[in-house]
Amino acid sequence: MLIKKAQAIKFSEITEKKHYINRRQFLASSASLAASGLFIPHSDFQKDSRQRQKLTVEKRGEYVVQDRLTPYEEATTYTNFYEFSTGKRSVKELSRDFRTRPWSLSVEGLVEDKITFDIDELIHMFPLEERIYRWRCVEAWSMVIPWVGFPLADFVKKCQPTSKAQFVEFETIYAPARMPGQRTRVLDWPYTEALRLDEALHPLALMAVGLYGDILPNQNGAPIRLVIPWKYGFKSAKSIVKIRFVEKMPKSSWRKANPREYGFYANVNPDVKHPRWSQARERRIGEEGKRPTLIFNGYAEEIGHLYSGMDLKKNY
Ligand code: MTE
């Protein structure tokens, strides 16, 4: 997310229009894949991280924006994952051999029972659905991505938080031997993020395990990550290993690094500028020029009530 680089995206880096994926074609092809009922056996996940591997998507239709999809190539090459590098176009190569099996996700804190899930158990626990979401980074670029996952709310309910739990915190894996960025002090590792419990229970909040019908590539946060489409991208922690239910608002990595620039809520808001740049407009990756940013990234109707009565300038 560092700083100043957002404006530095060159037009020459952007894929030509003819490479855009036509949404209808995409839906038709992913529907036929779903019909083929192809499931990825556990051991195949590690075969070759450069190879695209399909997931079975069981539901689609709800929460689908009509905007043109960002090309797969851009969404999986232009990535923010500081555990590997602060260079967006370096992460893909540096994360190529990162192993995501075995992988477990533990649930701690204010829950009836602490529990640990194996990732494959978790992936098969809920029907996977596809959601085409607008995706807005705090650096003023945006994409439109067909994520595959399950509602975070379903997972939260499974965890049985106690009545004391007010917030839920997400923690990324800490593996400095395998993640070169964690051998630098760019952030206080491990990366953590958090949501208010009612935000986590909103049906738009997604636990993603795939995109474009494929399993999540390493650079996009394999094997499991958050996708909170009405908030700036940094809220959506990647490669999650721990979820903790707590009473008090946790201090997440970016707030620790710079509380003036990165607030807890991080709701997309064109009227609240970042201290160093405006958030009024954004560059949609794969398009020329800039477009206006929408309040709550265009999801005001769905989630606006979560913040009614709050001063969004103070609670940025
Ligand atoms: N999660 C971890 N663990 N580490 C990171 O550096 N970057 C965040 C977020 N989640 C980040 C992370 C930021 S700043 C953004 S914009 C999104 O991931 C980018 O997701 P994408 O690369 O899949 O588009």
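For the structure, check the block above.
Given the structure is predicted, the values throughout are model-derived calculations rather than measurements. (Residues numbered from 1 in each chain as written. Predicted model: local features only at pLDDT ≥ 70, side-chain atom pairs only at ≥ 80, totals over all residues. Heavy atoms only, no water.)

Colleague: Explain the site of the ligand residue by residue, including any values.
Modeller: Y82, E83, R225, S236 and K238 are the nearest of the 17 residues found near the ligand. Here an oxygen atom of the ligand and a backbone polar atom of N80 are 3.1 Å apart. Within the contact set of the ligand, an oxygen atom lies 2.9 Å away from a side-chain nitrogen or oxygen of W135. Across the complex, the protein chains shield 100% of the 530 Å² of accessible surface that the ligand would expose by itself. A per-class count over the shell around the ligand returns eight nonpolar, six polar and three charged. (Near = heavy atom within 4 Å. Polar contact = N/O pair within 3.5 Å; in protein donor to acceptor, adjacent residues only side chain to side chain. Areas by Shrake-Rupley, 256 points an atom, 1.4 Å probe, with all protein chains shown as cover. Nonpolar A, V, L, I, M, F, W, Y, C, P; charged D, E, K, R; others polar.)

Colleague: Talk me through helix α5 (residues 152-159); I want residue IDs and the actual numbers.
Modeller: The periodicity of an α-helix, 3.6 residues per turn, causes residues three or four places apart in sequence to face the same way. Buried within α5 we find L152, A153, F155, V156 and C159. The buried residues of α5 all sit within an arc of 160° when viewed along its axis, so they share a single face. Q160 sits one or two positions beyond α5 and adopts a positive phi of about 50°. (Buried < 20%, exposed > 50% of the residue type's maximum accessible area, 1.4 Å probe, protein only. Helix = DSSP H or I, 4+ residues; strand = E, 2+ residues; numbered from the N terminus. Arc of directions from axis to C-beta.)

Colleague: Outline the packing of aromatic side chains, supporting the account with residue identities and numerical values.
Modeller: Across all of its chains, the model carries 16 aromatic pairs by this definition. Seen from their ring centres, W135 and W147 are 5.4 Å apart, and the 75° between their planes marks the pair as edge-to-face. Taken together, the residues W135 in strand β4 (residues 129-136) and W147 in strand β5 (residues 141-151) connect sequence positions 12 residues apart. Through a chain of ring-to-ring contacts, three or more aromatic side chains come together here, namely F167, F264, Y265, F296 and Y307. Positioned over the ring face of Y72 is R52, at 3.4 Å from the centre of the ring. It is R134 that lies over the ring of Y299; its NZ or CZ is 5.5 Å from the centre. (Phe/Tyr/Trp six-rings, centres within 6.5 Å; stacked < 30°, edge-to-face > 60°. Lys NZ or Arg CZ within 6 Å of the ring centre and 35° of its normal.)

Colleague: Hey, could you go over the pairing of strand β8 (residues 206-211) for me, with residue numbers and the actual values?
Modeller: β8 sits mainly inside the fold: six of its six residues count as buried. Relative to β8, β5 runs antiparallel, the two being bridged by five bridges. Each residue of the ladder has a partner; that of G149, found in β8, is A208. Note: β8 against strand β10 (residues 225-227), three bridges, orientation antiparallel. Considered in β10, the bridge of M207 is made with L226. Where β8 and strand β9 (residues 214-215) come together, two bridges link them in antiparallel fashion. By the bridge assignment, G210 is partnered in β9 with I215. Remark: two residues form the turn of the hairpin made by β8 and β9, two consecutive strands paired antiparallel; Y212 in that turn has positive phi of roughly 50°. (Pairing = 2+ DSSP bridges.)

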